[in-house]
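Per-entry structural report
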Amino acid sequence: MRTYRNRTAVLVSAATAALALSLTACGGDDGGTKSAGPTDRTASAASTTSTTPVAQSGDKAQGGETQSGGETQSGGEGAAEQSGGKSQGQGASQHGGGQGESAQSGSGTKAAKAGTPLCTAKGLKITAERQDGPPYTHLTLSAKNTSGASCEMKEYPHIHFLDNARGIVPPVAKSKPASPVVLEPGQSAYVAVRMSEGGRKENTETVKEFTVTLKANGGGMAVVKSPVAEGLSVNPQKWATGYWTTELRNGADEF
């Protein structure tokens, strides 16, 4: 019995010790948890502390950037505004200069037109072509600019179909153009010429060549051959000529 009691006591003691150890272990876990709590708080505080300077640094950086940005804005934007103002001012100045140059160029063009040399017989190729018929009552004179430079055709051609004593073909006033006739290289001027009325009993004379004098252009004469082998029938009582123009016009060149 004593042995049993002793064994029982030993077992109870062992159980108690085990329970104590278990409680101690539990207590140790609680302590670890509690100790972990301060550690977390410390870590959190450290984190907060380490975060706070970053935030402050960020705030300072932002504040610095804002201030720097303000300086940048006052300097950058101001400079940009100044630069923009200068650029716009320069652009406007340049643009204004461009307009000035354009105006000068325009006035130069007008001056060039005003100073355009007169066409000469040497710089023109003058040919004749009969207009539709029969009867073939009208002729078209063409004067092509072969000089290689711009030139001006003035007034009307002085045409001598017959001898000089028979006079020149008179001009028709309504054919006179409103603006100067300037020919670019390769461009032609035209003149409508009435040779006769085409009547059967009309007294006409035949010519196989005639002369064209550019009297208004300072002189110069060209000999023009008849476009047809049989020659042209002309009536000194009815002939008439138009003015030089860059294209024949309805009405003005119909006579």
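Residues numbered from 1 in each chain as written. Predicted model: local features only at pLDDT ≥ 70, side-chain atom pairs only at ≥ 80, totals over all residues. Heavy atoms only, no water.

Right, let's talk about the pattern of salt bridges for a bit. Per the counting criterion, the structure on display carries five salt bridges. With its nearest N and O atoms 3.5 Å apart, the salt bridge here joins Glu197 to Lys238. Of this pair, Glu197 sits in the loop between strand E6 (188–194) and strand E7 (205–207) while Lys238 sits in the loop between strand E10 (232–234) and strand E11 (240–241), and the two are 41 residues apart along the sequence. Here Lys238 falls in the partly exposed class, since its relative accessible area comes to 30%. The partner of Arg249 in a salt bridge is Asp253, with the nearest N and O atoms 3.0 Å apart. (Salt bridge = Lys/Arg side-chain N within 4 Å of Asp/Glu carboxyl O. Helix = DSSP H or I, 4+ residues; strand = E, 2+ residues; numbered from the N terminus. Buried < 20%, exposed > 50% of the residue type's maximum accessible area, 1.4 Å probe, protein only.)

Glancing now at the state of the cysteines. The final tally for this structure, using the stated rule, is one disulfide. The side chain of Cys119 participates in a disulfide bridge whose partner is Cys151; the two sulfur atoms lie 2.0 Å from each other. The chirality of the disulfide connecting Cys119 with Cys151 is right-handed, given an S-S dihedral of about 90 degrees. Residue Cys119 is found in the loop between helix H1 (2–114) and strand E1 (124–130), and its partner Cys151 is found in strand E3 (residues 151–153); the two are separated by 32 residues along the sequence. (Disulfide = S-S within 2.5 Å.)

If you trace the backbone, Ser196 turns up in the loop between E6 and E7. At 3.4 Å, the side chain of Ser196 and the backbone nitrogen of Gly198 are in polar contact. When near neighbours in sequence (up to four residues on either side) are disregarded, Ser196 contacts Tyr136, Thr137, Glu202, Thr204, Ser233, Asn235 and Lys238. (Polar contact = N/O pair within 3.5 Å; in protein donor to acceptor, adjacent residues only side chain to side chain. Contact = heavy atoms within 4.5 Å.)

Next up on the list: the sheet that holds strand E4 (residues 158–160). An order of E4-E8-E9 is seen for the three strands of this open sheet, with the pairing classed as antiparallel. With partners counted over all chains shown, the strands left at the sheet margins are E4 and strand E9 (221–225), one partner each. Strand-to-strand twist across the sheet, computed as the mean angle between neighbouring axes with direction ignored, equals 25 degrees. Bridge count between strand E8 (residues 209–213) and E9: five bridges; the pairing is antiparallel. Bridging from a neighbouring strand, Thr213 pairs with Met221 of E9. (Pairing = 2+ DSSP bridges. Axes fitted to C-alpha atoms, helices over the stretch in contact; angles between N-to-C directions.)

Attention shifts here to the pairing of E6. Successive side chains on a regular strand alternate, one facing one side of the sheet and the next facing the other. The element E6 is extensively covered by neighbouring structure, given that five of its seven residues are classed as buried. Alignment of strand E2 (residues 138–145) against E6, held across seven bridges, turns out to be antiparallel. For Ser142, the partnering residue across the bridge sits in E6 and is Tyr190. When E6 meets E11, the two strands line up antiparallel, connected through two bridges.

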